Amino acid sequence: MNKYFLFFLVLLFTFLGCTNNQKNDHFLNEDAHSYANFNDVRITHMNLSLTVDFQKNTLDGKVDVSVDNYTNAKQLILDSKDLTIHKVLLDNGVETSFTLGDISEIFGQPLTINIKPSTKVVSIYYTTSPDAEALQWLTPEQTLGKEHPFLFSQSQAILARSWVPCQDGPGVKFTYEATIKTDSNLIALMSAENGTSKNNDGVYTFKMDQPISSYLLALTVGDLAFASTGRNSGVYAEPAMLEKSVWELNAMQSMIDSAEQLYGPYAWERYDVVILPPSFPFGGMENPRLTFATPTIIAGDRSLVALIAHELAHSWSGNLVTNETWNDFWLNEGFTVYFEQRIMEKIFGKPYEEMLTKLGMGELEATIDDLIKEGNSDDTHLYLNLDGRNPDDGLTDVAYEKGRFFLQKVESVVGRQRFDSFLKNYFKANKFKPMNTERFIRNLNNHLLTPEEEQAININAWVYGPGLPDNALIPYSEELDRVESAIAQYNNNQIMANKIDISGYTTHHWLYFLRGLKNLDSIKMRDLDDNFKFTQTGNSEIACDWFKHCIDNQYDVAFPALSDFLIRVGRRKFLTPLYTRLAKTPQNKAWGKEVYQTARKGYHSVSYHSIDEVLK
Ligand code: BES
Ligand code: ZN
């Protein structure tokens, strides 16, 4: 070969290598749920300065966004929803023009800002709407203390844009700092470095030095107190809840330690949990450094703490290695349920974990049946197609439980040791980066699986196919087998409730029991309630499963308690199945609508949007 030609080839490949690398470094797959032009200009840092106004229910102030302009773009397109934009300045001085595009009910409006290729910082002055979908403003009466108002945000999946103009796709990561001004008798907390006590001036500053996605931006303001639960963990709650919460969550520090042993160092320094008022629409939300949690896990017997293991696990799967788009949601949740299962096994033992896993399979089977019945079989795939739809539609047990059982299958084929070391490397190699389904599978094939193993698992069937593949492991639990025989006898009318041996029953035995009951009638409902006092239970999970039977069997005795529950608790996972059952008969639907008239005011938008649909 001619040496000039060789030289030319070397140059060519160096050039191709560079552009290719450059592309790989920042290029993101298209995100159907964001208007942002993040492959041209990318947000790298945000500085928020906001005043919390409990009179108007607004946040008001500005955000300075620092950008990296890859393509000399002349426009920065951000996501926004229901925001009033007052003005936009470039590099802290010159005002620039901007436009807000057409309004989409799901996606909001693109905010298009004219910038220069040299622009480094864009300052956006804005006010949120009192109806901002991420934010819930609570009156003092809606809190435990009854004295102070309360605010919390819920940004996942695409609601961050309703309180911060941003590139609201999970693939974009940025660091942030913030100054939040509020009433002097309240404390503000964010998904960032937090203080532990109130300031006299009500001004709080925050720093998040690790890059995060917009769906992890979070703020809560209220009368909250702090208590430590260990070396780098603690709990915030309203003062009257604090002691109970600390007692309930005493396993937190050992969960962190176990998680680190499993998958490597915890990357976020502190791990704290804030117990919110009961209107919080989810069980938990993995806001970095500060998980937001429902008070319904404070059951008084520590039986619902798997939720903390779950949110903590997101500190690796989700917050470090993040689903690139909402179509890859299972990479966040499936990994996290698998990871949660491993933490629970380590701390509470195999029999406990087996109960959780078997309950999970029950939920998955029911969800798959429903989705297929509704003609939504495509939504039973792990890799979803949510384009044009609300990404909330992907929030089903498929991402969580089918995802978990897929990873469990991989583990069983390659052995725990190999799988663990693969996962540890995977988190290390991909930390602070987005991940998509295709790349993950390539990772599995390149770094873990032999061709035979690949065949035994059948990745395609799991990821791109419907339902539960027939090579799924069948969960086994000796504890729940005991319940199984009680269920069989009770369903076959062989025994009454007082003859059921309930010694050693925990919340999970009861849930399994309730879910297995069939052919109930008013006599049996009364028999169950007289013996087990389900209507009076203080355990929200048990209450929800019991109330389902109450509605299906028109057990009116429980309806006042059901009404209280629907008014007090705003967690969507409980509300949707209950209102859906109520909507099945005209009489119950009317009753449900009446309850909803009072309850709706107390719900976060995530919940009332869902229930509006159910009762319409
Ligand atoms: N990140 C989710 C909550 C979420 C998902 C909010 C998608 C909005 C859109 C959180 O980690 C979660 O999964 N919470 C569960 C609890 C868990 C134990 C399954 C919940 O809230 O029920
Ligand atoms: Zn989760």
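Note that the structure is predicted; figures quoted are calculated from it, not measured.

**Some remarks on the environment of Phe-532**
- Mapped onto the fold, Phe-532 is located in helix H14 (residues 522-532).
- Linking Phe-532 and Trp-510, residues 22 residues apart in sequence, is a C-alpha distance of 9.8 Å.
- In this structure, Phe-532 is in contact with Ala-497, Ile-500, Ile-502, Trp-510 and Phe-513, ignoring residues within four places of it in sequence.

**Some thoughts on the packing of aromatic side chains**
- All told, the structure shown has 40 aromatic pairs when counted by the stated rule.
- Between Phe-54 and Trp-137, the ring centres sit 5.4 Å apart and the planes meet at 85°, which makes this aromatic pair edge-to-face. Within this pair, whereas Phe-54 is found in the loop between strand S1 (41-53) and strand S2 (58-69), its partner Trp-137 is found in strand S9 (residues 135-138), the two being separated by 83 residues in sequence. Here the two residues Phe-54 and Trp-137 agree in accessibility, since each one is buried.
- For the pair Phe-547 and Phe-565, a centre-to-centre distance of 5.5 Å together with 55° between the ring planes defines the contact as tilted. Of this pair, Phe-547 sits in helix H15 (residues 540-552) while Phe-565 is found in helix H16 (residues 559-568), placing the two residues 18 residues apart along the sequence.
- Over the ring of Phe-405 we find Arg-404; its NZ or CZ atom is 5.1 Å from the centre of that ring.
- One Lys or Arg, Arg-600, reaches over the ring of Tyr-608 and ends 4.1 Å from the middle of that ring.

**A word on the pattern of salt bridges**
- Under the definition given, this model contains 31 salt bridges.
- Between Glu-324 and Arg-439 there is a salt bridge, and its shortest N-O distance comes to 3.5 Å. On the criterion of sequence distance, the pair formed by Glu-324 in the loop between strand S20 (321-323) and helix H5 (329-348) and Arg-439 in helix H9 (residues 437-447) is long-range, its members being 115 residues apart.
- Arg-416 serves as the salt-bridge partner of Glu-411, at 3.2 Å between the closest nitrogen and oxygen.
- By relative accessible area, which is 12% here, Glu-411 ends up buried.
- In this structure, a network of salt bridges that share partners links the residues Glu-345, Lys-350, Glu-353, Glu-411 and Arg-416.

**Digging into the environment of Gly-101**
- Relative to the helices and strands, Gly-101 resides in the loop between strand S6 (98-100) and strand S7 (109-114).
- The spacing of Gly-101 and Ser-80 is 21 residues in sequence and 9.7 Å in space, taken between C-alpha atoms.
- Setting aside chain neighbours within four positions, we find Gly-101 in contact with Gln-109 and Pro-110.

**A look at the side chain of Glu-133**
- Residue position: Glu-133 is located in the loop between strand S8 (121-127) and S9.
- Within the local environment of Glu-133, its side chain forms a polar contact with the side chain of His-609, the two groups lying 2.9 Å apart.
- Excluding residues within four positions of it along the chain, Glu-133 makes contact with Lys-81, Leu-159, Ser-162, His-604, Ser-605 and His-609.

**Looking at the coordination of the zinc ion (ligand 2)**
- Coordination of the zinc ion (ligand 2) by the protein is provided by His-310 (NE2), His-314 (NE2), Glu-333 (OE) and Glu-333 (OE), with metal-donor distances spanning 2.0 to 2.8 Å.
- Classification of the site at the zinc ion (ligand 2) as irregular follows from its 6 donor atoms and the range of 52 to 159° in their angles at the metal.
- Along the chain, the residues that donate to the zinc ion (ligand 2) are spaced as H-x3-H-x18-E. Linking His-314 in the loop between helix H4 (306-313) and S20 with Glu-333 in helix H5, this pair joins segments that are 19 residues apart in sequence. For the pair shown, His-314 and Glu-333 are each scored as buried.

**Here we look at the packing of H16 against helix H17 (residues 572-582)**
- In the contact formed by H16 and H17, the axes pass within 11 Å of each other and the chain directions differ by 135°. With respect to H17, the axis of H16 lies oblique. Crossing of H16 over H17 shows left-handed handedness. Between H16, through Phe-559, Leu-562, Phe-565 and Leu-566, and H17, the contact on the second element is made entirely by Phe-574, Leu-575, Leu-578, Tyr-579 and Leu-582.

**Considerations on the sheet that holds strand S19 (residues 290-293)**
- Spatially, 5 strands are ordered S15-S16-S17-S19-S18 in an open sheet, and the strand pairing comes out mixed. The two strands at the open ends of the sheet, each matched to only one other strand, are strand S15 (225-230) and strand S18 (284-285).
- Where S18 meets S19, 2 bridges bridge the pair, whose relative direction is antiparallel. Bridging across to S19, Gly-284 finds its partner in Ala-293.

Thresholds, definitions, all that
Residues numbered from 1 in each chain as written. Chains lettered and ligands numbered in written order. Predicted model: local features only at pLDDT ≥ 70, side-chain atom pairs only at ≥ 80, totals over all residues. Heavy atoms only, no water. Helix = DSSP H or I, 4+ residues; strand = E, 2+ residues; numbered from the N terminus. Contact = heavy atoms within 4.5 Å. Phe/Tyr/Trp six-rings, centres within 6.5 Å; stacked < 30°, edge-to-face > 60°. Buried < 20%, exposed > 50% of the residue type's maximum accessible area, 1.4 Å probe, protein only. Lys NZ or Arg CZ within 6 Å of the ring centre and 35° of its normal. Salt bridge = Lys/Arg side-chain N within 4 Å of Asp/Glu carboxyl O. Polar contact = N/O pair within 3.5 Å; in protein donor to acceptor, adjacent residues only side chain to side chain. Donors = N, O, S within 2.8 Å, 3.2 Å for Na, K, Ca; no water. Tetrahedral: all angles 85-135°; square planar, octahedral: opposite > 155°, others 65-115°. Axes fitted to C-alpha atoms, helices over the stretch in contact; angles between N-to-C directions. Parallel < 35°, antiparallel > 145°, perpendicular 65-115°, else oblique. Left-handed = near helix turned anticlockwise from the far one by under 90°. Pairing = 2+ DSSP bridges.

These results come straight from atomic positions and should not be treated as a statement about function.
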